[in-house]
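A structural walkthrough
These are the residues of each chain, in order.
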Amino acid sequence: MKGFCEFQVYSKSNYCVAKNNLRIIVVFSFLVFYLAQKSNQIVLSLVFLYMHLLKDRLHKALFLSIIVLSFLIPSSYAQEKILKGVILDAHSDERVPFASMEFKHSKAGRLSDSSGSFVFRFNEWPKDTLMITYVGFQDYQMAFDSAFLAKAGKNNVVNIVIRMDRGRYENAVVVSKKVDHGLIMWRRIVRRKKFNDRYRFNNFSYELYNKLELDLNNVNKEKLEEKKLLRPFNFVLNNVDTTEGTPFLPAYLTETVSDYYYQKSPTRRREVIKGSKTVGVDNESITRMLGGMEQNVDFYRNFIPVFDKKFVSPISDYGDEYYRYKIIDTQYVNSRRLYHLIFTPKRKGQSTFEGDCWVHDTTFAIQKMNLRLSEDANINFVKQLSLIQEYSLINDSTWFLSKDKFVVNLVLLGKKTGSFIGRKTTTYRNIVVNDSSVIRELDKNKLIEETIIEPDARKQTDSFWANVRHEPLSKNEKAIYMMVDTLMKMPIFHTYTNVINFIGTGYLNVYKKYQIGPWFNWVYSDVLEGLRLRFDLGTNERFNKNITLHGYMAYGFANQRWNSEADALYVIKRNPRVTLFGMYKKDLDFGQQYYDEISSDNIFALAFRKSNIPIKFIGIEQKKLEFFKEWHSGFSVTLTGDNKIYDPIQNLPLKQIFNNTPFQPLNTFEASIRLRFAYLEKFFENNFYRYSLGSDYPIVSFKYTRGMEGVLNSSYNYDKISGSISDLKKIPPIGSLYYNLFGGRTYGTLPFTFLDIAPGNEIHYYNQYAFSLLNKYQYLHDKYLGISLEHNFGNGLFRFIPFTRKLKFRQFWTAKALWGSLSDANKQFNNSSPNNYTFQSLDGKTYLEVGTGVDNIFKIFRLDFVWRVLPNPPAPGSPPGFGIFGSFHVDF
């Protein structure tokens, strides 16, 4: 009894020690229980060791009791089977929340949680099939069959990723009730838009992280490895990913991080790009495009841009004209009640989406919205497209955009060929609203919107990116950077890219510093020159980063005459742009060529020339010096000195009838100034040249020219003025409208070469900037006014016919009008005997042609049907009053 009594008597310090020992015993017992499932030998060793360490008999007894009870627990608990995973949209990789999950036979089931995750626990793997359903997706079935058991093996916990393919919403949205709750919900959302749209704030700013990935989809690794041309790049195929079912190859990745600032009134925007990672591409205009300024998408707006089209938003102010709505579910997330609203188009062929959104029940703010385009949407090369936006609370009641996602499957050549997957993810952090710090930053702007690229933005280190990324790179994304870096070090890769570039653009880099092309001007034939061969040679950026030289030699075998040109461009400054251009040319004058027109000396022009219309040949010797300066505002000035000597050769008035001049006939020197204003015009730039991407505002141009007698043997004094205003306006939901209003006047008595010649078109290739049913040199004016209109409807009437809707035909109409006159002095000077050519003038009458046609034939071809309406009757020598014209262009 003495021992027992001593055991019962505790001092305060002994009690604490005993209490701690009890805790250790319990923890150690649970460790033994866990290890018992792994190895009995380990357990026995630990038990004997710990028993030896325990000095207290009661502690030993307690420990042994726990161990015995642990082993008496049914083994079924230790062998519990757990199935857990996540449900994803197979296209966008977005999680699918609250999907219905039910076993086919037992009828047991549950919903996935708000993040698309789920967990099932079993005593044994069931002999059943798990059915997963969600509106807008195809039903998914997972059988617990022998294949599953073989994959699970001895594992008691199995993690899976379920990817659900898209289905259709049509069966889900059937509104036949007297009270349409979906429509009521839409009205509430629209009513609250002004309180939920982020543009309601007076100002805001955030840090923006933009990631763009390009993948090659449906990659057949075995076939590609057999291609001889691709064998040097077989290492790339090691990155083919098959985890998503269809094998794809991650091909390219860009990242951009920037600070974005916005002010509501007056509207000002500013973006400061802190980092831009575009491995293998060093182009400032691409860096700008990858920032947030050019990629602002707001689901609360009435129209949502998709490439160059605008689609009606489901929460547009007049969305009920285009969509059906239905509430299908209500869930609680973070103690907030959310409605699940789905929407489908009312009619096929319209610029609409299908999809769903989760709506907060108190503020009627969008918490998340998924928009999808189906394959029958009138947009080219797109097999699937998803737009996702997520909103988060930045305080107790303020919802703000937190994530953007854009995923698109592009099929360029056909469904059976490989396709591309583009994935753009944008996240927003450090959000500040209605704060003076935003105003201070915007006060640095010189324009209402500016994009600033910090000096080291494109040279940031890996440590910088590790710190600023909003989310870490995945395994595939890391592999892309390694792959691209390896490719850029391979000479054969640069050879391949040069060849592809040569075929597509016409230009080929040779001997590193030089360039030949365009190849489509190398061979030509006409009645004057016969076979004409031409060869171009120029320099590229490796020769000099600021200067490019170019020249060509051409030889006509029939007239045995050499022609040539030499020109140079010096880029003094790139932003804002300042350049100096010089040229010498001695060749036939093929007229002014526009970027989308086939030039007269192009090999393809041979196939499109109209019959029974004689070609007008005129030679030119030209010396030109041009200085261009642009300001950030979009205002630019071009100063030009230009000496031209013309020599009409065939089917035009001959040079000798203009011999009554003090100096050389048909020789002029012009000094001109051109003023142009294109507010917030955007460009795509390469090393030396740039191509306008247009402006949201009209572009205005004015030019004054002074002809100076006696300079470089010029024979004429005169003044010319001309101007234009043009714009391409998006007018959703009825397409786009282009207009160009132009006019001019010449003061002086001059040969036809220095007057205003109405632009005619003598080939069957459609030219937007010329009159289709006019011949070149048909109308001569010293005063003129004209307008050109083109309205593209989209699919228009074609959407009502299933066949044309499937082919994605598009409709348009055009109208071109011209008014002009020629002074009596200029008529007499240009039509006097022995002139072998008589010029015509409208003399105040109207020339009008209208047209319509079919666009997007085979996605690249356009067919124009054009009628001449005025003058009636037509002028003598005019081409027929109806014509059919074709053209090629690539458009989404």
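Here goes a summary of the coordinates provided. Bear in mind that the values here come from a model prediction, so they are computed numbers and not experimental data. (Residues numbered from 1 in each chain as written. Predicted model: local features only at pLDDT ≥ 70, side-chain atom pairs only at ≥ 80, totals over all residues. Heavy atoms only, no water.)

So, the environment of L549
With respect to the helices and strands, L549 occurs in strand β25 (residues 547-556). Among the residues examined, L549 registers a relative accessible area of 35% and is labelled partly exposed. Taking the C-alpha atoms as reference, L549 lies 4.5 Å from A568; in sequence the two are 19 residues apart. Non-local contacts of L549, meaning those with residues more than four positions away in its chain, are made with L537, G538, T539, F543, D567 and A568. (Helix = DSSP H or I, 4+ residues; strand = E, 2+ residues; numbered from the N terminus. Buried < 20%, exposed > 50% of the residue type's maximum accessible area, 1.4 Å probe, protein only. Contact = heavy atoms within 4.5 Å.)

Focus: helix α7 (residues 181-191)
Listing the buried residues of α7 in full gives G182, L183, M185, W186, I189 and V190. End-on, the buried residues of α7 take up no more than an arc of 155°, which puts them together on one face. Contacts made by the buried residues of α7 are with α8 (193-196), β13 (323-333), β14 (336-345), β15 (354-360) and β16 (366-373). A distance of 3.2 Å separates the backbone nitrogen of G182 from a side-chain oxygen at the start of α7, and that oxygen is part of D180. (Arc of directions from axis to C-beta. Polar contact = N/O pair within 3.5 Å; in protein donor to acceptor, adjacent residues only side chain to side chain.)

A closer look at the nonpolar core
If you look at the biggest cluster of nonpolar residues, it comprises 49 residues, and the most contacted ones within it are F353, I366 and L387. Looking at this core, the element that brings in the most residues is strand β18 (residues 399-410), giving six residues. Other than its neighbours up to four places away in sequence, I366 contacts I189, Y300, I315, C357, W358, V359 and Y391. F98, M101, F120 and F148 belong to the second largest nonpolar core, which has 26 residues in total. (Core = buried A, V, L, I, M, F, W, Y, C linked by side-chain atoms within 4.5 Å.)

Section: the pairing of strand β35 (residues 736-747)
Bridge count for strand β34 (residues 718-730) against β35 is twelve bridges, and the pairing is antiparallel. Note that in β35 the partner of D727 across the bridge is Y739. Linking β34 back to β35 in an antiparallel pair, the connection comprises five residues, with G735 at a positive phi of about 95°. Judged from the ten bridges that link them, β35 and strand β38 (residues 783-794) form a sheet pairing that is antiparallel. Within the sheet, the bridge partner assigned to N740 lies in β38 and is S788. (Pairing = 2+ DSSP bridges.)

A few points about the environment of A251
Checked against the element boundaries, A251 lands in strand β9 (residues 248-263). The sequence separation of A251 and Y481 amounts to 230 residues, and the corresponding C-alpha distance is 9.0 Å. Excluding residues within four positions of it along the chain, A251 makes contact with L214, D215, L216, I480, M483 and V484.

Comments concerning the pairing of strand β31 (residues 682-685)
Regular strands place their side chains on alternate faces of the sheet. One ladder, built from four bridges, connects β31 with strand β32 (residues 690-694); its direction is antiparallel. Within the sheet, the bridge partner assigned to E685 lies in β32 and is R690. If you look at the hairpin formed by β31 and β32, you'll find four residues sitting between the two strands.

Examining a nonpolar patch on the surface
The grouping of Y570, I572, L580, L625, F627, L639, I673, F702, Y704, I721 and Y747 at the surface amounts to a nonpolar patch, some 910 Å² of accessible area in total. Among the elements of the structure, β26 (561-574), β28 (617-630) and β33 (699-707) are those that each provide at least two residues to the nonpolar patch. Topologically, F702 is positioned in strand β33. A relative accessible area of 40% means that F702 is categorised as partly exposed. (Patch = residues over 30% accessible without salt bridge, like charges linked within 9 Å, V, L, I, M, F, W, Y side chains within 5 Å. Areas by Shrake-Rupley, 256 points an atom, 1.4 Å probe, with all protein chains shown as cover. Salt bridge = Lys/Arg side-chain N within 4 Å of Asp/Glu carboxyl O.)

A closer look at the sheet that holds strand β1 (residues 81-89)
Whether parallel or antiparallel, the strands of a sheet pair through hydrogen bonds between backbone atoms. One open sheet holds the three strands; their spatial order is β4-β1-β7, and the pairing between them is mixed. Two strands bound the open sheet, and with one partner strand each, they are β4 (117-122) and β7 (157-164). Averaged over all neighbouring strand pairs, the angle between strand axes comes to 20°, with direction disregarded. As defined by bridge partners, β1 adjoins β7 across eight bridges and the pair is classed as parallel. When the sheet's bridge partners are listed, I87 is paired in β7 with I162. (Axes fitted to C-alpha atoms, helices over the stretch in contact; angles between N-to-C directions.)

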